[in-house]
Amino acid sequence: MWKLKESMLGGNEDQGEEGLLDDESDGFCSLSPMQRIYGFAGCLIAGLVCMFLSLIVFAKPIKFAVLFTFGNVLAVGSTAFLIGPGQQMRMMFDSTRVYATAIYLGCVVIALICALWIHNKILTIIAIIIEFCALVWYSLSYIPFARRMVSELMVRICDTEL
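Counting starts from 1 at the beginning of each chain's written sequence and moves along it residue by residue. Confidence filtering applies because this is a predicted model: local features only for residues at pLDDT of at least 70, side-chain atom pairs given and counted only at 80 or more, and all residues used for totals across whole chains, interfaces and linings. Neither water nor hydrogens contribute to the side-chain values; these are computed over all heavy atoms in the structure.

### As for the overall build of the chain
Every helix listed is a DSSP run of H or I at least four residues long, and every strand listed is a run of E at least two residues long, numbered separately from the N terminus. Helix and strand counts for the chain come out as eight helices and zero strands. Counted from the first residue to the last, the chain has its helices and strands arranged as α-α-α-α-α-α-α-α. For the chain, with 162 residues in total, the buried portion stands at 28%. Across the chain, contacts joining residues at least 24 apart in sequence account for 64% of those joining residues at least 6 apart. Note on exposure labels: buried denotes an accessible area under 20% of the residue type's maximum, exposed denotes more than 50%, and partly exposed covers the range between, all computed with a 1.4 Å probe on protein chains only. Contacts: residue pairs with any heavy atoms within 4.5 Å of one another.

### Things to note about the state of the cysteines
Whenever a pair of cysteine sulfur atoms sits within 2.5 Å, that pair is classed as a disulfide. Applying the stated criterion across every chain, the model contains zero disulfides. Here C133 stays unpaired: no disulfide links it, and the sulfur of C107, its closest cysteine neighbor, is 8.8 Å away. For C133, a relative accessible area of 48% puts it in the partly exposed group.

### Re a nonpolar patch on the surface
Like-charged residues are merged into a patch within 9 Å and nonpolar side chains (Val, Leu, Ile, Met, Phe, Trp, Tyr) within 5 Å, provided each residue has over 30% relative accessible area and no salt bridge. Per-residue accessibility takes into account occlusion by the displayed protein chains alone, with areas from the Shrake-Rupley method and a 1.4 Å probe. What makes a salt bridge here is a side-chain nitrogen of Lys or Arg within 4 Å of a carboxyl oxygen of Asp or Glu, nothing more. Judged by side-chain polarity, V109, I113, W117, I118, I122, L123, I126 and I130 come together as a nonpolar surface patch covering roughly 800 Å² of accessible area. Breaking the nonpolar patch down by element, the ones donating at least two residues are α6 (98-118) and α7 (121-140). Tracing the backbone shows I126 in helix α7.

### Thoughts on α6
For α6, which comprises 21 residues, the first-to-last C-alpha distance of 28 Å matches the rise-based estimate of 30 Å (1.5 Å per residue) to within 8%. Taken as a whole, α6 has its buried residues at A100, T101, Y104, C107, V108, A111, C114 and A115. All buried residues of α6 lie within an arc of 165° about the axis, which places them on one face of the element. Exposed side of α6, more than 90 degrees from the buried face: Y99, L116 and W117 are the residues found there. Under the convention used throughout, the expected extent of a helix is 1.5 Å for every residue step, that is, one less than its residue count. Taken from the helix axis, the directions to the C-beta atoms give the arc we talk about.

### A closer look at unusual backbone geometry
Its identity is not glycine, yet H119 carries a phi of approximately 60°, on the positive side. With respect to the helices and strands, the residue H119 is situated in the loop between α6 and α7. Under the relative-accessibility criterion, H119 is labelled exposed at 52%. Phi at F145 is positive, roughly 65°, even though this residue is not glycine. Among the secondary structure elements, F145 is positioned in the loop between α7 and α8 (146-158). Assessed through its relative accessible area of 56%, F145 is described here as exposed.

### Quick look at the confidence of the model for the chain
Per residue, pLDDT captures the predictor's confidence, and it can take any value from 0 to 100. Residues at a pLDDT of 70 or more form 80% of the chain, whose mean pLDDT is 82. Within the chain, helix α1 (residues 4-9) has the poorest average pLDDT of any element, 39, and helix α2 (residues 33-56) the best, 93. Low pLDDT, under 50, characterises residues 1-25; the stretch is placed with 28 contacts to residues that sit more than four places away or in other chains.

### Notes on the packing of α6 against α7
Angular values range over 0 to 180 degrees, each being the angle between N-to-C directions of two axes fitted as lines to C-alpha atoms, with helices fitted over their stretch in contact. Where α6 meets α7, the axes come as close as 8 Å, and the angle between the chain directions of the two elements is 160°. With respect to α7, the element α6 is oriented roughly antiparallel. Here α6 and α7 pass one another in a crossing that is left-handed. From α6, A100, T101, I103, Y104, C107, V108, I110, A111, C114 and A115 reach across to α7, where they touch L123, T124, A127, I128, I130, E131, A134, L135, W137 and Y138. Considering only residue class, the contact of α6 with α7 consists of 17 nonpolar, two polar and one charged. Geometric relationships in this document are graded by angle, where less than 35 degrees denotes roughly parallel, more than 145 denotes roughly antiparallel, 65 to 115 denotes roughly perpendicular, and other angles denote oblique. Helix crossings fall into two classes, left-handed where the near helix is turned counterclockwise from the far one by less than a right angle and right-handed where it is turned clockwise. Under the grouping applied here, Gly and all other residues not named as nonpolar or charged are polar, the nonpolar ones being Ala, Val, Leu, Ile, Met, Phe, Trp, Tyr, Cys and Pro and the charged ones Asp, Glu, Lys and Arg.

Right, here's the structure in full:
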């Protein structure tokens, strides 16, 4: 299952140099298709459970932020089981969604800093709202023309011409 042991013991010398992001094994781990589905489902369910539990502790913004952010990261990371972590990273930092990814990851970090280090409830709530919007924008980048449609819809809704 783990190809790290083979590479450390010298078992892969006839295959040439393999990097962490190669398409064949996509890292150290090679899982069967059923194991990938189980891993995806487990991470996704754990992420959704964390996000649901965060709604229960909504009155305590710091606990809410930690659970919600952890659930988001688990849910987004669950797709790495289906397509592999290397392909996930390549897709996240593709030129069409690099800004959405950077904003989302930045908001995750800012939300955790506001919740765990600064302990400011208002900043934490603002960071979580921005994180959620960034997650939606990031998710829309995987649907063809979705960001354009949402942008045009927001312009029509927010247009104040009389």
